[in-house]
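Descriptive analysis of the structure
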Amino acid sequence: MNTYQILVEYVGTNFVGWQIQKNGLSIQEVIQKALKKIIKKKIVIFGSGRTDSGVHALAQSAHFKTNYDIKDRQKFVKSLNFFLSKYCVSILDIKKRKKNFHARYSAKKRQYKYIIINRISSLSLEKNRAWNIRKKLNISKMKSGLKLLKGKKDFSTFRASSCNANSPIKTINKASIKKIGDNRLEIIFVSQSFLQQQVRSMVGCIKLLGENKWTLRKFKKIIEAKSRSGCAPVAPPCGLYLDKVNY
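The sections below set out a description of the structure shown in this document. Computed from a predicted model, the values in this text were never measured in an experiment.

Digging into the overall build of the protein
A tally of regular secondary structure across the protein gives five helices and ten strands. Here the C-alpha radius of gyration of the protein, 19 Å, is about what a compact globule of 247 residues would show, namely 18 Å. Put simply, 69% of the contacts in the protein that link residues at least 6 apart link residues at least 24 apart. If you sum the accessible surface of the protein, you get close to 13000 Å²; carbon and sulfur atoms cover 47% of it. Between the centroid of the 52 positive side chains of the protein and the centroid of its 13 negative side chains there is a distance of 4 Å.

Describing the pattern of salt bridges
Under the criterion given, the structure shown has seven salt bridges. Between Asp52 and Arg200 there is a salt bridge, with the nearest N and O atoms lying 3.5 Å from each other. Residue Asp52 is found in the loop between strand 2 (46-47) and strand 3 (56-66), and its partner Arg200 is found in helix 4 (residues 198-210); the two are separated by 148 residues along the sequence. Look at Arg200 and you get buried, because its relative accessible area is 11%. Three or more residues joined by partner-sharing salt bridges are found here, namely Lys113, Glu126, Arg184 and Glu186.

Re the nonpolar core
One finds Ile31, Phe64, Leu149, Ile187 and Phe189 to be the most contacted residues of the largest nonpolar core, which totals 65 residues. The residues contacting Ile187, other than those within four sequence positions of it, are Tyr112, Lys113, Tyr114, Ile116, Met142, Leu146, Ser176, Ile177, Val203 and Ile206. Ile115, Leu123, Ala130 and Tyr241 belong to the second largest nonpolar core, which has five residues in total.

Some remarks on the environment of Ile6
Residue position: Ile6 is located in strand 1 (residues 2-10). For Ile6 and Asp93, which are 87 residues apart along the polypeptide, the C-alpha to C-alpha distance reads 5.7 Å. Setting aside its immediate chain neighbours within four residues, Ile6 contacts Ile31, Gln60, Ser61, Ala62, Phe64, Ile91, Asp93 and Ile94.

Observations concerning the pairing of strand 10 (residues 240-246)
Of all seven residues that make up strand 10, five are buried, and the element is covered over most of its length. Looking at chain direction, strand 3 and strand 10 are connected through two bridges and run parallel. The residue bridging His56 from the neighbouring strand is Tyr241, located in strand 10. Sheet topology note: the strand 5 (residues 109-118)/strand 10 ladder contains six bridges and is antiparallel. Bridging across to strand 10, Lys109 finds its partner in Asn246.

Reading the values: rules and limits
- Residues numbered from 1 in each chain as written.
- Predicted model: local features only at pLDDT ≥ 70, side-chain atom pairs only at ≥ 80, totals over all residues.
- Heavy atoms only, no water.
- Helix = DSSP H or I, 4+ residues; strand = E, 2+ residues; numbered from the N terminus.
- Rg over C-alpha atoms; globule rule 2.2 N^0.38 Å.
- Contact = heavy atoms within 4.5 Å.
- Areas by Shrake-Rupley, 256 points an atom, 1.4 Å probe, with all protein chains shown as cover.
- Lys, Arg positive; Asp, Glu negative; His and termini not counted.
- Charge placed at Lys NZ, Arg CZ, Asp CG, Glu CD.
- Salt bridge = Lys/Arg side-chain N within 4 Å of Asp/Glu carboxyl O.
- Buried < 20%, exposed > 50% of the residue type's maximum accessible area, 1.4 Å probe, protein only.
- Core = buried A, V, L, I, M, F, W, Y, C linked by side-chain atoms within 4.5 Å.
- Pairing = 2+ DSSP bridges.

Okay, here's the thing in structure tokens:
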């Protein structure tokens, strides 16, 4: 039995998310169907994480097991992408891994990127690919807020009610923001794992800091309260990207 890892790029706008669901089309489903057309057997793939509906990926990691021997990886990737071309899903690479490799459980760090376009004008080229915030943002204050999120702590404030993680305690290794050009902001979060909707919940709070609707003191109290009721409205999925997964 062979174990293969694939790196996947996708636009999540028209999908219900990564995971197969009854209420719509998922990224997992279209890739499994494409694999079946080539391998001629049902294949189940396992992703490094379950991105929500509308969330994108620059390099989602997944793996599958099969008796099929992929001799020409480049040709195999081209064939997969032929069947996936109409879905805005692309296979970037495929690698053979040791039999105990698992896309989710073997991951050491995951990096998410959240993109904000801070301008008055609505989005055309980046519609559904970023969060358009029209009010001018205080980036210095947002940086200070992100510092409060770093380290090991209880992130219950940012945990979705439907989250099934065993513990709300996570370690944020990196939480930063940078400005690119006149109006593009990129917020980066790095951790071994995240709670359901944690990144979007944190970005929603950072946005209120940037708009000067919250003080840093209030934000700190909200984190320490460990109560979901204190969290800001969750940032929309359109600005969120699974950037990369390290093993």
